[in-house]
Amino acid sequence: GLITTLSWQKIVLKIIKELSPSSYVVSGGGLATEFREDLVKWMPQLDGIAHSEGDNIILKIARDAFRIKAKGNISNKEKSEIIAPSKSVLHNNKLYAIYKGGRPKNLDKLPLPDWDLIVKDVNNEEILESYINTPIWGKEANNSSATSFSMKRSLNTVSSRGCPFACKFCFRGAQGERNYGIRSPESLFCEMQKYVERYDIDFLGYVDDNFAVSRKRILDLENLVSNWVDENHLVWGTHARLDEAADIKTTINGTVEFNLPLRVKSMYSAGCRYIGYGAESASPRMLKLMGKGGSMLRHGVKAVFGYDVPVTMMMGIKNTVEAGIHANCTWIMGYPGETLYDLKTTVAFIKWQEEVLMESYEKNSLSWRLASDAIN
């Protein structure tokens, strides 16, 4: 995704500079956070980059843009004085600003996205309605987030930032790096209410890297919204980890049992009907190479169609399906070091999932039909 972003940023940057040559243009988000000052070498028409979270630093950027434009013909020395205390770098005799973003102390105090700013465009086209009527996930969305149900009116948001884990293939810079922070259940509930009342949505997608880290928040959210989501016909989805869905714990006596109530059960009661899992691989060897072996392999493996797959991953899927939530796994094929045997292990796990789904469907066919009718 980041390479694609670079190609689009180059196109947009050219358009901006053609339309408004004196504009102060700063690139932020995941691309700038990963590549930092190298980005100005690829897009020399930039005036700078802003890495990490932009809520606080955006005010400094706006102030600098105003002061630099007011100066007119400005020297690099004068520009660096305005940019300070933020860092500046010189490349091909042009000075670039390097802004370091930071996390607001309280995510609940941030204003919600103002969707009304894009109700119509300059040609009077209904931009917001078009966006809401385009499913964010599912078959119609043409992305990897496959759902077992359809959505008519959807929006997306975030409930947390960052991720405390350190998978080797993942860059967390787009949403807070490893600095994990969450919004409160009360804040999430207020947002749900606003979007249902104002935009009549039936699905809300939380695009977090990892929604389910905090068990307490999930239980508190269930207590707040369980009746309300049913009455207002709102369902939602998000992303999480299979070890969180498994909810397995080891007691003081060394026995293994579920950590009740299960996170996924509470999430279902709170309106969750979709969880995307970055399973990546079912091969224990590959999970270790990816930096996911610790929690995923803690409870051993089980033979499935002749291949050993992690018990934690199996229980994560089983718990999710039995809770009534659609589990969508995404996989990495061709990770450095992967063999055909490793890939076959993943395929065996996928085949096992089909059996779990069919078994659950046969046991709960009536409740599944009722849930499907309510969603659709």
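Up top is the structure.
Residues numbered from 1 in each chain as written. Predicted model: local features only at pLDDT ≥ 70, side-chain atom pairs only at ≥ 80, totals over all residues. Heavy atoms only, no water.

(A) Spotlight on the sheet that holds strand E1 (residues 26-27). What the four strands build is an open sheet, ordered E1-E2-E4-E3; its pairing is mixed. On the outer flanks of this sheet lie E1 and strand E3 (87-91), each paired with one strand and no other. Of the pairings in the sheet, the one linking strand E2 (residues 48-51) to strand E4 (residues 94-100) comprises four bridges and is parallel in character. In the strand pairing of E4, Gly48 is matched with Ala97. With respect to the sheet, helix H4 (residues 57-71) is in contact with E1, E2 and E4, its orientation differing from that of E4 by roughly 155°. Packing of helix H5 (residues 76-83) onto the sheet brings it into contact with E3 and E4, and relative to E4 it is tilted by some 5°. (Pairing = 2+ DSSP bridges. Helix = DSSP H or I, 4+ residues; strand = E, 2+ residues; numbered from the N terminus. Contact = heavy atoms within 4.5 Å. Axes fitted to C-alpha atoms, helices over the stretch in contact; angles between N-to-C directions.)

(B) Spotlight on H5. Of all the positions in H5, only Lys79, Ile82 and Ile83 are classed as buried. All buried residues of H5 project into a common sector of 95° when viewed along the axis, lining one side. Close packing links the buried residues of H5 with H4, E3 and E4. (Buried < 20%, exposed > 50% of the residue type's maximum accessible area, 1.4 Å probe, protein only. Arc of directions from axis to C-beta.)

(C) Unusual backbone geometry, seen in detail. With an omega of 5°, the peptide bond running from Ala84 to Pro85 counts as cis. With respect to the helices and strands, Pro85 occurs in the loop between H5 and E3. Leu260 connects to Pro261 through a cis peptide bond whose omega is -5°. Here Pro261 is to be found in the loop between strand E11 (256-258) and helix H10 (263-269). The phi dihedral of Ser52 is positive, around 70°, even though this residue is not glycine. By the secondary structure assignment, Ser52 is in the loop between E2 and H4. Phi is positive for Asp200, close to 55°, though the residue is something other than glycine. Looking at the secondary structure, you find Asp200 in the loop between helix H7 (185-199) and strand E8 (203-206). We classify Asp200 as exposed; its relative accessible area is 53%.

(D) Seen up close, the sheet that holds E8. Strands sit in the order E5-E8-E9-E12-E15 across an open sheet of five strands; the sheet is parallel. With one partner strand each, in any of the chains shown, strand E5 (154-157) and strand E15 (326-331) form the two edges of the open sheet. Across the sheet, the mean angle separating the axes of adjacent strands is 20° when strand polarity is ignored. In the sheet, strand E9 (residues 235-240) pairs with strand E12 (residues 272-280) via five bridges, with the strands oriented parallel.

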